Structure formats: C-alpha cells, structure tokens
Amino acid sequence: MTLLSLDSVTARHGLMTAVHDISLTLAPGEVLALIGANGAGKTTLLRTLAGAHPLASGRIALNGRDIGALPAHARLRAGIALSPEGRRLFPEMTLRENLRIPAENGRKGAWTLPRVLDAFPQLAPLIDLPAGGFSGGQRQAAAIARALLANPDVLLLDEVSLGLSPAAVEGVYASLAGVRAEGRMAMIVVEQDLTRALAFADRVICLAEGRVELTGRPAELTREAITRAYFGLHETETADV
Ligand code: ATP
C-alpha cells in the first residue's frame, strides 16, 4: 500500500534546479532517511513536499490525492507536517503557545498535548517558558512535537541531529522511536549522521545534486557505496528496494 508517492518531482531556486525528477513511494509506517552532502537538495525536497516551496513539475500524491498544488496549511490538513531545519519557533511565545498553532490548524487525532509531552518528557518542564531561551535539543524536540500535534500521516523531519549534543540526539531519537512504535505514521528524516540514519531507517535514499544517487535498505548498502553516492560518484551496484 502506498501512502505518499512522488512522480518526477522537480523544484527550482530561480534558474537553478535543486531537485531533479525524483520519484519514490512511502508506505504507512515506513521510515525513510534522506542523506546527502550539503546542497544536495534534501531541504528543498522536504519543503516542496510540505508546500513551503513551489513544485516546478511532477506529481505529489498523498493517499491517492494529488496535493502538489495545495498551499502548506492545506497539506497540513491533508496529513503532511514538516519539522523544519532551524526549528523555527516563536521565541517570545511560550512552548504551550507555540504548540497551540498546529494543534488548532492541523488534524485532530491521537497526538494531543498530554500524549506529546509523554513522548517528549524533556518538554514538560518547559511548557510555560518562552521558547527563545531553549537549548538546541529542546528546540528540536519542540519543533517535532509541534509537527506531531497536527496528527500527520507523513512526518517530515529536517536535520534531526544537526547542532545537538550527543545527549540531546539520544533524547530526540528515543522519543522518535516511541512515535514510530505507535505504528502508522510514516517519516522522512534528513539526517547528517550516517550511522544514526542507517540504524533508524527502513530505507535510505542518498541525493547528490538533486538526484537520487543510491537507494536501498540499510542492510543492503555498504559504507563504500554510500560514500561514493554522497559525493555523486556514480554507483553501478544500486541495491533493489
Ligand atoms: P544542506 O544540508 O546544506 O541544507 P540540502 O541537501 O538540504 O543541504 P538544499 O538546502 O535543498 O540542500 O539546497 C539545494 C540547492 O539549492 C543548493 O545548491 C543550494 O545552494 C540551493 N538553495 C537552497 N536554498 C536556496 C535559496 N533560498 N535560494 C537559492 N538557492 C538555494
């Protein structure tokens, strides 16, 4: 069964094509890690899926429905939520206020504020504090919590571990493992830490210069193949998915 399908998705920044003709499918509950060097197009692809960046051509379908022309707020309601790079919270607002926005604009479902605070226990003591004073790990947890409160079918997570302490990375991934154990929610995770990406994902896609360079299940991919794909050196032995 296919939850999300991308057919020749292309996105540009001005004249520059950042995402070229990407086609892939995601099943319910599946976790896909998107890896690749800086500038490979990972953020642009996630933003294009979430409606934060225009789709230049191609098709994006969620639950069989073409969502490529919908604005971001309508995609949130359709079931796709982005936890962005940079974790954009409103610094002068408390965590509770930051979390109210998606809870009101997204879909109602199993992920309520108490459930989210159970999954991200590091956030509970911060709930009435302004987000401006949070550490990187706390901001990351808050941004993921905010996306979860929209009760998406597909959760898009940009740069999960970037800039976080090892302890904060552990905390965030422990919470994500809990979310994943709930079952149906699919995730696309942009992760620079390759070991982490291979350990967490069901499937890995490596982008180079906006194209899919390598795809496979972690157990099928060698470090060497991934390293070559990272640097856009064409790999002949691409694992089947
Ligand atoms: P990073 O890990 O550095 O965020 P990435 O894989 O997420 O990299 P993108 O940020 O999607 O890559 O960038 C893809 C390409 O698009 C790069 O060449 C980048 O320079 C370019 N780009 C990204 N954002 C913009 C922008 N706002 N205006 C112009 N070009 C951009």
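Notes on the structure follow. Since we're looking at a predicted model, the values are computed, not measured.

So, how was this worked out
- Residues numbered from 1 in each chain as written.
- Predicted model: local features only at pLDDT ≥ 70, side-chain atom pairs only at ≥ 80, totals over all residues.
- Heavy atoms only, no water.
- Near = heavy atom within 4 Å.
- Polar contact = N/O pair within 3.5 Å; in protein donor to acceptor, adjacent residues only side chain to side chain.
- Areas by Shrake-Rupley, 256 points an atom, 1.4 Å probe, with all protein chains shown as cover.
- Helix = DSSP H or I, 4+ residues; strand = E, 2+ residues; numbered from the N terminus.
- Nonpolar A, V, L, I, M, F, W, Y, C, P; charged D, E, K, R; others polar.
- Pairing = 2+ DSSP bridges.
- Contact = heavy atoms within 4.5 Å.
- Axes fitted to C-alpha atoms, helices over the stretch in contact; angles between N-to-C directions.
- Core = buried A, V, L, I, M, F, W, Y, C linked by side-chain atoms within 4.5 Å.
- Buried < 20%, exposed > 50% of the residue type's maximum accessible area, 1.4 Å probe, protein only.

Section: the site of the ligand
- The environment of the ligand is formed by 14 residues, the closest being G39, G41, K42, T43 and T44.
- Here an oxygen atom of the ligand sits 3.1 Å away from a polar atom, N or O, in the main chain of A40.
- Contacts to the ligand include Q192, whose side-chain N or O atom sits 3.5 Å from an oxygen atom.
- Notes on the ligand: free accessible area 620 Å², of which the protein chains cover 59%.
- Sorting the residues of the shell around the ligand by element identifies β2 (16–26) and α1 (42–50) as the ones contributing at least two each.
- For the shell around the ligand, the element with the highest residue contribution is α1, accounting for three residues.
- Residue composition of the shell around the ligand, by class: four nonpolar, seven polar and three charged.

A short note on the sheet that holds strand β1 (residues 4–13)
- With respect to topology, four strands assemble into an open sheet ordered β2-β1-β4-β5, the strand pairing being antiparallel. Unpaired on one side and paired on the other, β2 and β5 (65–66) mark the two borders of the sheet.
- As judged from the five bridges shared by β1 and strand β4 (residues 57–62), these two strands associate in the antiparallel manner. Note that in β4 the partner of S5 across the bridge is A61.
- α1 rests against β1, β2 and β4 of the sheet, and its axis sits at about 115° to β1.

Some thoughts on the nonpolar core
- Residues F120, L123, L176 and M187 are the most contacted members of the largest nonpolar core, which totals 51 residues.
- In terms of residue count, helix α5 (residues 136–148) provides more of this core than any other element does, six residues in total.
- Non-local contacts of F120, meaning those with residues more than four positions away in its chain, are made with A141, I144, L148, S175 and V179.
- Counting residues in hydrophobic clusters, the runner-up holds 28 residues, among them L6, A11, V19 and I67.

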